[in-house]
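# Observations on the model geometry
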Amino acid sequence: MNVLAVGDVCTQSGIDILRDKLHGIKKYYDVSFTVANGENAAGLGITKIQAQELFGAGADVITLGNHTWGKREIAEYLDDSLHILRPANFAPQVPGRGQGVYETQYGDVCVINLIGRARMENECESPFFEVDRILQKNSAKIILVDFHAELTSEKLAMAYYLDGRVSAAWGTHTHVQTSDCRVFPGGMGFVTDVGMTGPIESVIGIKPEQSISRFLGNPPTRYEPAIGGAKIEGAVFEIDADTGKCNSVEAIRVM
């Protein structure tokens, strides 16, 4: 089966281009299951309406990250919907869930959402220990992991930790697509970061002049989403449904 991981959906332009082009991408790559990181759909956070727009565009599961609570009204929806996940290593008392198992024509697919701890300014449990706890109870053959983390070193460490135990893992959060798609020796597909879905002429989604102003040391202002054309970035993982191992990984970019 082919699995599509969509890079961080950033602002309404990211949602709009997915609405326009995701179904065509899925048909072209013969995609059976799509996971989209939606934590920046509202700039910071995601609303229920935006989540429903992403599902309507063709996402099967939405994952989140450090901006999960950017729109606090999403909390109730996290409890109500099984198809939107927040990081599993958040504190256990917060709303929602960090993993789910979904029926497909190829059998059950388990999706796990994790968040890193290095330079993320989040109070959370170790993602390494948390994924161990989840995998000990998991019976699905096809397992997918979205690791929302800042450091490439933490993402790569997680990749080596998971190799041979999951089908595919990918990084999100930095909004910059990396060129290291590969299949690890144990049969796990991996890419350090799948990139960003949103405005092309931007600094990771925001107006370039605002980012420049920040780095010049000017007083901070509320970030505004960049305007103009958008892109879709992500990766397609070809997974053997019988073994749960990945055969190939291909990064994609559509404008």
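An account of the accompanying structure is given in this report. Remember, it's a predicted structure, so these values are computed and weren't measured experimentally.

## Let's talk about the nonpolar core
Counting residues in hydrophobic clusters, the biggest one holds 27 residues, and the most contacted among them are Leu4, Val9, Leu18, Ile46, Leu54, Ile62 and Ile84. Contributing elements (two or more residues each) for this core: β1 (2–6), α1 (11–28), β3 (31–37), α2 (48–57), α3 (74–80) and β13 (230–239). For this core, the element with the most residues is α1, which contributes 5 residues. Residues within four places of valine 9 in sequence aside, it is in contact with Gly14, Ile15, Leu18, Ala36, Asn37, Gly38, Asn40, Ala41, Leu54 and Thr197. Ile142, Trp170, Ile239 and Cys246 belong to the second largest nonpolar core, which has 21 residues in total.

## With respect to the pairing of strand β12 (residues 196–199)
Bridge analysis of strand β2 (residues 8–9) against β12 gives 2 bridges, and the strand direction is parallel. Residue pairing for β12: aspartate 8 is matched across the bridge by methionine 196. Pairing between β12 and β13: 2 bridges, direction antiparallel. Of the residues in β13, the one forming a bridge with glycine 198 is lysine 231.

## Topic: the side chain of threonine 11
With respect to the helices and strands, the residue threonine 11 is situated in helix α1. Apart from residues lying up to four places away in sequence, threonine 11 is in contact with Asn40, Ala41, Gly43, Pro199, Gly205 and Pro225.

## Details of the pattern of salt bridges
Under the criterion given, the structure shown has 8 salt bridges. Among the ionic contacts, a cluster of salt bridges with common partners joins Asp16, Arg19 and Glu53.

## Let's talk about unusual backbone geometry
Even without a glycine there, the phi angle at aspartate 30 is positive, about 55°. Note on placement: aspartate 30 falls in the loop between α1 and β3. The phi dihedral of isoleucine 204 falls on the positive side, at around 45°, and the residue is not glycine. Looking at where isoleucine 204 falls in the secondary structure, it is placed in the loop between β12 and α6 (208–215). With relative accessibility at 44%, the residue isoleucine 204 sits in the partly exposed group.

## Quick word on α1
With 18 residues, α1 should reach 26 Å at 1.5 Å per residue; the first-to-last C-alpha distance of 25 Å fits that figure. Along α1, the helix axis deviates most sharply at lysine 21, where the bend reaches about 50°. For α1, every residue scored as buried is listed here: Thr11, Ser13, Gly14, Ile15, Ile17, Leu18, Leu22, Ile25 and Lys26. The positive-phi residue at the C-terminal boundary of α1 is aspartate 30, with phi of around 55°.

## Quick look at the packing of α1 against α2
The interhelical angle for the contact between α1 and α2, taken along N-to-C directions, is 20°, at an axis separation of 8 Å. Accordingly, the angle class assigned to the pair α1 and α2 is roughly parallel. Where α1 crosses over α2, the two elements pack in a sense that is left-handed. On α2, the residues touching Gln12, Ile15, Leu18, Arg19, Leu22 and His23 of α1 are Gln50, Glu53, Leu54, Gly56 and Ala57. Class assignment of the residues belonging to the contact of α1 with α2 gives a composition of 5 nonpolar, 4 polar and 2 charged.

## Some remarks on the sheet that holds strand β9 (residues 168–172)
One open sheet holds the 6 strands; their spatial order is β6-β7-β8-β9-β11-β10, and the pairing between them is mixed. Across the chains shown, the open sheet's two edge strands, defined by having one partner strand only, are β6 (99–104) and β10 (182–183). Across 3 bridges, the pairing between β9 and strand β11 (residues 189–191) is parallel. The residue of β11 that forms the bridge with tryptophan 170 is valine 191. Against the sheet, helix α4 (residues 127–137) touches β6, β7 (107–115) and β8 (142–148), its axis set at about 160° to β7. The strands that helix α5 (residues 152–162) touches are β7, β8, β9, β10 and β11; relative to β8, the one it contacts most, it runs at about 160°.

Cut-offs used in this document
- Residues numbered from 1 in each chain as written.
- Predicted model: local features only at pLDDT ≥ 70, side-chain atom pairs only at ≥ 80, totals over all residues.
- Heavy atoms only, no water.
- Core = buried A, V, L, I, M, F, W, Y, C linked by side-chain atoms within 4.5 Å.
- Buried < 20%, exposed > 50% of the residue type's maximum accessible area, 1.4 Å probe, protein only.
- Helix = DSSP H or I, 4+ residues; strand = E, 2+ residues; numbered from the N terminus.
- Contact = heavy atoms within 4.5 Å.
- Pairing = 2+ DSSP bridges.
- Salt bridge = Lys/Arg side-chain N within 4 Å of Asp/Glu carboxyl O.
- Expected span 1.5 Å × (residues − 1).
- Bend = angle between axes of the 7 residues up to and from the residue.
- Axes fitted to C-alpha atoms, helices over the stretch in contact; angles between N-to-C directions.
- Parallel < 35°, antiparallel > 145°, perpendicular 65-115°, else oblique.
- Left-handed = near helix turned anticlockwise from the far one by under 90°.
- Nonpolar A, V, L, I, M, F, W, Y, C, P; charged D, E, K, R; others polar.

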